[in-house]
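As a plain string of letters, each chain reads:
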Amino acid sequence: MNDLVKNKSLSAAKRNKQDEFYTQISDIEKELRHYKDHFEDKVVFCNCDDPERSNFWWYFKLNFEFLGLKKLVTTHYDEEKPTYKLVIDGTKRDKNGNPIEVKIELEGNGDFRSPESIEILKESDIVVTNPPFSLFREYLAQLIEYDKSFIVLGNQNAITYKDVFGYMKDNRVWLGYKSGDMSFMVPDDYEPRATRYWVDESGQKWRSMGNICWYTNLPHEKRYQDLILVKKYYDDETEYPTYDEYDVINVNKVKDIPEDYAKPMGVPITFLDKYNPEQFEILGLANSARWIGYECYTILDGKKVYNRIIIRNRRLNVNED
């Protein structure tokens, strides 16, 4: 994709999809506190952040010494003209011993896919940001291509994309700590909405969404916590009907996953927030029209059931390869 096409697509994403959502620093703090040990002596890149407004930049700037960062870089985006990056390098200090912040002009517009941004990405260890939701698939593919560690925000619906789900199935991407409702500041030119929109006392516009989650490939404690199972399949098999054409049971709620069922079962995508790869195996993603990785259509008594993760209990299949 050439630079002109990239610039037009990013601009269109912002204009048509309204992708500028500014994350609250409190939400950043709540999530990143679980990854503190990963940041020591690392280069952090915030490649989708306006440093004039981005709380990601401010979080890392304020916690540069506490986290033991080696370097912090953010790139400013401007769709129409060359822009700049901000760099804090822990090896360069002022006379008081504080790391120096430097503003460096870029030749391009700061698009995360630009050659300059990619070169910074190659030299970085961890990427942390809130990328444009409408470009999430392309954004995540870039992180995977360059084998980078990351903690990024995204819409939960991205789980159902074939490529994103493939990364999750292969344990190359998983969810972080926080999933669910989150509120964001939005630009002044965003139109009012009937729901999940308000203006605060200062005149700042806000939007909230109930299906936001953090995507990461960094280990964290929650990822290896067992999901507590209290239901038993064989106590009441009628509670778990099988799909019309497949020997796969349907589980309507994550809390109702049976502890004694060894065969494949379809669970809601919210299961991924509780997924422990040592406890369960992900076999595929299915709905009433397609499947990814496991041949199963989710139709019960002729009625469609959408978006089910097909899983199997590893603890009950210990003798299988």
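Residues numbered from 1 in each chain as written. Predicted model: local features only at pLDDT ≥ 70, side-chain atom pairs only at ≥ 80, totals over all residues. Heavy atoms only, no water.

Which residues make up the pairing of strand β17 (residues 308–313), and what are the values?
The buried fraction of β17 amounts to six of the six residues, a majority that puts the element mostly inside the structure. Residues of β17 alternate between two faces, with R308, I310 and R312 on one and I309, I311 and N313 on the opposite face, all of them buried. Strand direction decides the pairing type here: strand β12 (residues 265–268) and β17, joined by four bridges, are antiparallel. Along β17, the bridge assignment pairs M265 with I311. Of the pairings in the sheet, the one linking strand β13 (residues 280–286) to β17 comprises six bridges and is antiparallel in character. Paired with L285 across the two strands is I309, which belongs to β17. (Buried < 20%, exposed > 50% of the residue type's maximum accessible area, 1.4 Å probe, protein only. Helix = DSSP H or I, 4+ residues; strand = E, 2+ residues; numbered from the N terminus. Pairing = 2+ DSSP bridges.)

Break down the state of the cysteines for me, with residues and values.
Under the criterion given, the structure shown has zero disulfides. In this structure C46 is a free cysteine whose sulfur lies 9.6 Å from that of C48, the closest cysteine sulfur available. Assessed through its relative accessible area of 0%, C46 is described here as buried. Take C48: its relative accessible area is 23%, and that puts it in the partly exposed class. (Disulfide = S-S within 2.5 Å.)

Can you explain unusual backbone geometry? Please cite residues and give values.
One non-glycine residue, D147, lies in the positive phi region at around 55°. By the element assignment, D147 lies in the loop between α6 (136–145) and β7 (149–155). By relative accessible area, D147 is classed as exposed at 70%. Unusually for a residue other than glycine, R196 sits at a positive phi of about 50°. Along the chain, R196 falls in the loop between β8 (174–186) and β9 (197–199).

So what about the side chain of T298? Which residues, and what values?
Within the element layout of this structure, T298 appears in the loop between β14 (291–292) and β15 (299–300). Residues contacting T298, with those up to four places away along its chain left out, are Y243, A286, N287, S288, K303, K304, V305, Y306 and R308. (Contact = heavy atoms within 4.5 Å.)

With reference to specific residues and values, describe the nonpolar core.
The biggest cluster of nonpolar side chains holds 46 residues, and the ones touching the most others in it are Y215, I257, F271, L272, F280, I309 and I311. Among all residues touching I311, those that are not within four sequence positions of it are I257, K263, P264, M265, V267, F271, F280, E281, I282 and L283. Formed by 31 residues, the second largest nonpolar core is a distinct cluster that contains F39, Y84, L86 and M182. (Core = buried A, V, L, I, M, F, W, Y, C linked by side-chain atoms within 4.5 Å.)

Tell me about the packing of aromatic side chains, and please be specific about residues and values.
Scanning the model with the defined rule gives 16 aromatic pairs in all. With 4.8 Å between their ring centres and 50° between their planes, F136 and Y215 make a pair best called tilted. Of the two residues, F136 sits in helix α6 while Y215 sits in strand β10 (residues 205–216), which places them 79 residues apart along the sequence. Y215 gets classed as buried once you look at its relative accessible area, which sits at 0%. An angle of 70° between the planes, with centres 6.4 Å apart, marks the rings of Y246 and Y297 as edge-to-face. Here Y297 lies in the loop between β14 and β15 and Y246 lies in the loop between β10 and β11 (249–250), a separation of 51 residues in the sequence. Site record: aromatic cluster; members linked through ring pairs are F21, F133, F184 and Y190. Above the face of the F66 ring, K36 is positioned so that its terminal group lies 4.8 Å from the ring centre. The ring of Y161 is capped by R137, whose NZ or CZ atom sits 4.2 Å from the centre of that ring. (Phe/Tyr/Trp six-rings, centres within 6.5 Å; stacked < 30°, edge-to-face > 60°. Lys NZ or Arg CZ within 6 Å of the ring centre and 35° of its normal.)

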